[in-house]
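Letter by letter, the chains look like this.
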Amino acid sequence: MKIEEHFMFFFEHMMDMVFLVEYKGNQLWYTKVNRSAQERLGIDMVGKKLVEVLPPSTFEFLNTHYLTCIKSQHSVTYSDLNLFVPDMPASETTLTPVNDGDKTYILAITKNVNERKTKDEDYLFLHSLVANTVDAMLVIDCNGKVLKVNEAFTTQFGWSEAETLGQDWHQLNFIPKKLKIQTGDSFLTLKQGNIVPTQETIRVTKEGIEIHTSVSYSPILDEQQNVAAISMIYRNIQHLRELEQNLEKSKEAYKSLFSYQKNAIFILNNAGIVEKINEACVAITGYTKEQIIGLNYIDFVGDQLPIDPFEQSLQGQINSFETMIHHANSSKLFFNVSYVPIIVCGEVTGVYVIAQDITEQKKMERALKASEEKFRLITEHSSDLIKVVKVDGTISYASPSYRNILGKDYENLLGETFLYGLDEKDKPILQDAFNKLCETDEQIVREYRYKNTAKSEVWVEVHGTPIHREGELANIILTGRIISERKQLQKQLTFQAYHDSLTSLPNRRLLEQELERTIATAKEENGKLALLFLDCDNFKQINDTYGHEIGDQLLVALSKRLEYCVRGQDMVARLGGDEFVILVKTLKDTDHIKMVANRIHDSLQKTYLIEGHKIHATSSIGISLYPQNGSTTKELFRKADQALYTVKKSGRNNYQLYK
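Bear in mind the structure is a predicted one, so any value in this text is a computation, not a measurement.

1. With respect to the environment of Phe 334
Here Phe 334 is to be found in strand S14 (residues 332–344). Between the C-alpha atoms of Phe 334 and Glu 322, which are twelve residues apart in sequence, the distance is 7.1 Å.

2. Remarks on the packing of helix H21 (residues 548–565) against helix H22 (residues 590–604)
Each pair of packed helices gets described by two things: the angle between the helix axes and the distance between those axes. As a packed pair, H21 and H22 sit with axes 10 Å apart at the nearest point and diverge in direction by 145°. For the crossing formed where H21 meets H22, the hand is right-handed. The residues of H22 that touch H21, namely those facing Leu 558, Arg 561, Leu 562 and Cys 565, are Arg 599, Ile 600, Ser 603 and Leu 604.

3. Quick word on the packing of helix H20 (residues 539–546) against H21
Running from N to C, H20 and H21 point in directions that differ by 135°, and their axes come no closer than 7 Å. Viewed along their axes, H20 and H21 adopt a mutual orientation that is oblique. Taken together, the residues of H21 that come into contact with H20 (itself represented by Phe 539, Ile 542, Asn 543 and Tyr 546) are His 548, Ile 550, Gly 551, Leu 554 and Leu 555. For the contact of H20 with H21, a count of residues per class yields six nonpolar, three polar and no charged.

4. A few points about the sheet that holds S14
Strand order across the open sheet formed by five strands is S12-S11-S15-S14-S13, with antiparallel pairing between neighbours. Both edges of this open sheet fall to strand S12 (274–277) and strand S13 (319–326), since each of them pairs with a single strand only. With direction set aside, neighbouring strand axes in the sheet form an average angle of 30°. Judged from the three bridges that link them, strand S11 (residues 264–268) and S12 form a sheet pairing that is antiparallel. Residue pairing for S12: Phe 266 is matched across the bridge by Ile 277. Sheet contacts for helix H18 (residues 484–498): S13, S14 and strand S15 (347–357); angle to S14, the most-contacted strand, approximately 20°.

5. Focus: the environment of Glu 163
With respect to the element layout, Glu 163 can be found in helix H7 (residues 161–164). Once the C-alpha coordinates of Glu 163 and Val 146 are considered, the two residues, 17 residues apart in sequence, prove to be 10.0 Å apart. Looking at Glu 163, its side chain comes within polar contact range of the main-chain nitrogen of Ser 160, at 2.8 Å. At 2.7 Å, the side chain of Glu 163 and the side chain of Lys 206 are in polar contact.

Reading the values: rules and limits
Residues numbered from 1 in each chain as written. Predicted model: local features only at pLDDT ≥ 70, side-chain atom pairs only at ≥ 80, totals over all residues. Heavy atoms only, no water. Helix = DSSP H or I, 4+ residues; strand = E, 2+ residues; numbered from the N terminus. Axes fitted to C-alpha atoms, helices over the stretch in contact; angles between N-to-C directions. Left-handed = near helix turned anticlockwise from the far one by under 90°. Contact = heavy atoms within 4.5 Å. Parallel < 35°, antiparallel > 145°, perpendicular 65-115°, else oblique. Nonpolar A, V, L, I, M, F, W, Y, C, P; charged D, E, K, R; others polar. Pairing = 2+ DSSP bridges. Polar contact = N/O pair within 3.5 Å; in protein donor to acceptor, adjacent residues only side chain to side chain.

Written out as C-alpha cells, the structure reads:
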C-alpha cells in the first residue's frame, strides 16, 4: 500500500485535521495535509521539516510525542486543551505509526474537543472556588448526606472532611438543637427547588463554641433542572457582633463626653445644618432644641468672619475664633468657638462646633476700660489671668490668679517683660502679636503655654486690648483664660481622627498624607522609599483559639515590635484588622530594604507571651519600591498588596519584593 498515494482519497474531505509526517534522516517532514488542516492553519508546510514550520515551544512539544510513537510503534494520544485561553481551540491528537516499505510515517489526526474544554474549565473553576474561598462550604445530596466540605469549613468549625463525608448533615453537632427544626424546614424548601434567603444564625464548632454565622443556601440543579444537591456557604460574623458591642461602648463614651460638656457643642452636617446639640447649648443660649436643630450655622455666626471656618473644617482644618450671637432674650452672648472636622474612614462627614461662653470675660474687658480702680477691684477676685503691660513691654500689674500658675514667681512679675514665665517655644508668638498691636492699634487673640509650678504645660488664650490716654497708646491689657481642657479635647479629637484606637499607630488617612509628602520629597531629591504591606499569618485562627481580647493584645505587641524595627523617621501604620503598613523613607538601595525586612521577619519569629499564653504568630510581608514599582500612593499600595499575595500563596511567613 502506498499511503502517500491514498492519503487524499481517505482523508481529504474529513472535518478533522489530518497530517502525514515522514521520519527520515532523524527529522520529521510534513508529507501530506488534508484540506481542513490547510484551511485552518493557513501555513505552507508540505515538503518542509516540522522544525522549520512550527514555533520552537510547539515543536518541542510535538517532537516528544512523535518520537515516542516511532520508538514504541504504538499509537500515542495527547491533548492540548488551552484551558482559560479564550481565543485558542481545544484539540486532541492521535498519532499512529505507519511503515510503508522502507519508509516510516506518522499519521496524525487532530479532533476539535471544545466541548470538553468548556467542561474542564467549569470543573476547575468550581473546584478552585470551593477550595480557596475563605467562607466555609458544605454540599449535601437530597437525602441530607454530606458530599463535600472545603478546607475553610474545617478551619471554621473543626470537623475534617473524613469526619463529615457521608454523614447526615442534620445530625452533625454544629447545628444547635433549638435550630434543627428551622434548618430542616429550609432543607425541605430547597429540595423543592425554591430559594431560601440568606440567614444570620448560630452554628457550633467541634469544641462546642457557638459562633454567629451568616449562611447562604443554593440548590444545585442537574441537566434536567432537577435538584441534585444543595450547597451551603457559611460566613463567620462573630467579629461583626463583637464590633457592634464595642461600637455601642464607644457611643456611650461619646454620649457622656457630649452630654456633660459644660461648653456648648453643635454637630453640623456637610451642608452646615445643625443636626444635634448638647444640653449646654440650651442652657447658655436660652433657645430650645427644636429652635436650633435644622438651622444653618450662618444663622448663628452671621457674615462678620473674615474667613469661613466651616469650609476650612470640611478640608480637615481646625479653626478657632470669637463671635457674638443673641440670647433668646435678645441680650448679647460672646463665644470662643472652635470648628473641628468629624472624620470617619478618612472622610469628613461633618463638623463639631465647640463654643465656650466668654460673655462675662467680654463684660469684664469693657469694665476695665472704664475705670482702672474698678478694673483692679474686679480682677483681684477674678480667676482670669490679667496683665497691664506698658508700651515698652514691662508688666505694671498682674492679677493674683497668676499665683495659681507661677506660685512664688508671681511676686516677680511686676517690672518683668510680658513674656515672663512663657514656654520658650511660644515667646515669639506673643512677641509678634504685641508688636502688631502696637503698630496697628488692633486687638489681638493668641494661644500659648506657661510652665506651672509642677513644670507642666498650662494652655492660655489671651486677648490683647489697647488702652489710650489723650489719643496715645498708654497700656495694653492682656486678659487670659486657661484653655487646657479645651486644647486637650481638641488634641484628643484630632488624635482619634488620625490614629488607630487599639494600637495608637497612625491610621490610613495619616499614612496616605505622609506617603504623599514623602513621594513629593523623593521626586525633588531623586530619592527612594519603600512601602511594606504586612499582616499576621493565621490571625483568625489565633482569635478563634484564644479570643479577641488576646488577639487585640497580640496586635498591640506586634505593633511595638514593628516600631522597634524601624527608624524614628519611618512610619508604622495600622489599616485595620491584622493589616499593617510600614513607610521606609530615604532608602539607600534594595539591600537596605532587604535588611529592614529581615530585621522585621526575625523579630516576628519570637514567641509572644500574653496572659500566660505562648503564641507563635508570624507575618507575611509584601514590598513595593519607589520609583521602581510606581510613582503614586495608589500604585505603591497595589504593588505591595500583590507582593503580599505572592508571599501568602507561596506559604506565608516570609517577605517578597514586587516583581
